[in-house]
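Architecture at a glance
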Number of protein chains: 2
Amino acid sequence: MTQDYDKRPDDLRIDNLKIDDLRRAFRRQGLRLTPQKVTVWRLFADSTKGLTLPEACRALQEYAIGQATVYRVVNSLCELGFLLHIHGPNGEHRYLAGHSGHVHHLICRTCGHVREVTDCDLSTLEKLLAAQTGFAVEGHHLEFYGQCPRCTPLPG
Amino acid sequence: MTQDYDKRPDDLRIDNLKIDDLRRAFRRQGLRLTPQKVTVWRLFADSTKGLTLPEACRALQEYAIGQATVYRVVNSLCELGFLLHIHGPNGEHRYLAGHSGHVHHLICRTCGHVREVTDCDLSTLEKLLAAQTGFAVEGHHLEFYGQCPRCTPLPG
DNA sequence: CACCTTTATGATAATTTTTCTCAATGACTC
DNA sequence: GAGTCATTGAGAAAAATTATCATAAAGGTG
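Residues numbered from 1 in each chain as written. Chains lettered and ligands numbered in written order. Predicted model: local features only at pLDDT ≥ 70, side-chain atom pairs only at ≥ 80, totals over all residues. Heavy atoms only, no water.

1. Let's talk about the relation of the copies chain A and chain B
Using the following cut-off: We place the copies in one frame by least squares, fitting the C-alpha atoms of every residue whose pLDDT is at least 70 in both. The contact definition used throughout considers only heavy atoms, calling two residues in contact when any of these lie within 4.5 Å.
Least-squares fitting of chain A to chain B yields an RMSD of 0.1 Å, with the transformation described by 0.0 Å of translation along the axis and a rotation of 180 degrees. Such a combination of rotation and displacement between the chain copies is what one expects of a two-fold axis. Judged by C-alpha distance, L142 of chain A is the residue of chain A that lies nearest the rotation axis, at 2.2 Å. Comparing interface residues between copies, 100% of those in chain A also sit at the interface in chain B, which points to an isologous, same-surface contact.

Next up, the structure:
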């Protein structure tokens, strides 16, 4: 019998549609969806600032998920595009759930708060670069840094 | 007597003007310029793809520079803006000498070759974001990924 | 629903990367 | 040239990442 995914802890909510997306994506690679994978996904989906791998390992100890699993699952989720990597205030690698399609991030250097940025049209620039350099440009990674409204000192 | 910086190995060239820049930058922070720092800088200045910290440590063993020093100097060079961090084909953190002012990079996913990109005008976008989000946008990090001319399969 | 094949898991160990400590060295100022 | 104080490298320690392998279980099949 298939594992009952509804027995999840209340503090990690996720909609069932997303679970189906996850299952389909894993299946396409010949991989299986397991409760551990769902729990890992939920942890990231609920995080607004993203998590480092060690942070995720610590948080998931509560759910008895081993660190080897955390590393494996995070890698898979990245490859499947469910997680994106961003850089925290100290340059550390953090993983963040990508809720939309192609997005970028605005990261507060003080508190690490992250806001998604959806307007970005770099296609003109990419074409120009391709013409100038001969590279076949396949994509880009763009992050903005600054101070979020709560961390911005008031002017004056 | 001040150390003779001309006794450097022939395979790591650097112009003396840059050494003066380094000295001034370190001095401004109350730090001292040492032959080790210059050697570390030269290693990076000669690398076209950037180096990870462990790679740099291995390469600098030849010059009897301890790893603690490599980590410290790379950090300083980053803070002073002489080194930039980029992400290699496998997502690993690499440090690259910044030869110009504000630049971005076009990184080959196959061979890791890096080309600098100097045209970038994101100031309009930054202003728009600031207005939309309330963030005080201070900067950005932009990387393009693709295949360099030598790694691009010929069309057809 | 029970079976079966194959992937996934977690404990553990091993490896790699990063940080810390401290005595000795040496850069830079006067 | 002397003194001050940042710097260095060896080594230990801590932290992060990867590898191994016996056991558990997902998901297809009869």
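The rest of the description comes next.
2. A look at the sheet that holds strand β3 (residues 104-108) of chain B
The test is simple: The criterion for strand pairing is that DSSP finds at least two bridges linking the strands in question. A run of H or I in DSSP becomes a helix once it reaches four residues, and a run of E becomes a strand once it reaches two; helices and strands are each numbered from the N terminus. Interaxial angle, 0 to 180 degrees, is taken between N-to-C directions of lines fitted to C-alpha atoms, where a helix line uses only the stretch in contact.
Read across the sheet, six strands follow the order β4(A)-β3(A)-β5(A)-β5(B)-β3(B)-β4(B) without closing on themselves; strand pairing throughout is mixed. Every interior strand has two partners, whereas the edge strands, β4 (114-117) of chain A together with β4 (114-117) of chain B, have only one. The mean angle between the axes of side-by-side strands here comes to 25 degrees, regardless of whether they run parallel or antiparallel. As paired strands, β3 of chain B and β4 of chain B are joined by four bridges and run antiparallel to one another. The residue bridging L106 of chain B from the neighbouring strand is R115 of chain B, located in β4 of chain B. Helix α5 (residues 123-133) of chain A contacts β5 (136-147) of chain A together with β3, β4 and β5 (136-147) of chain B of the sheet and is inclined by roughly 125 degrees relative to β5 of chain A. On top of the sheet, helix α5 (residues 123-133) of chain B reaches β3 (104-108), β4 and β5 of chain A together with β5 of chain B; it is set at about 125 degrees to β5 of chain B, its chief contact.

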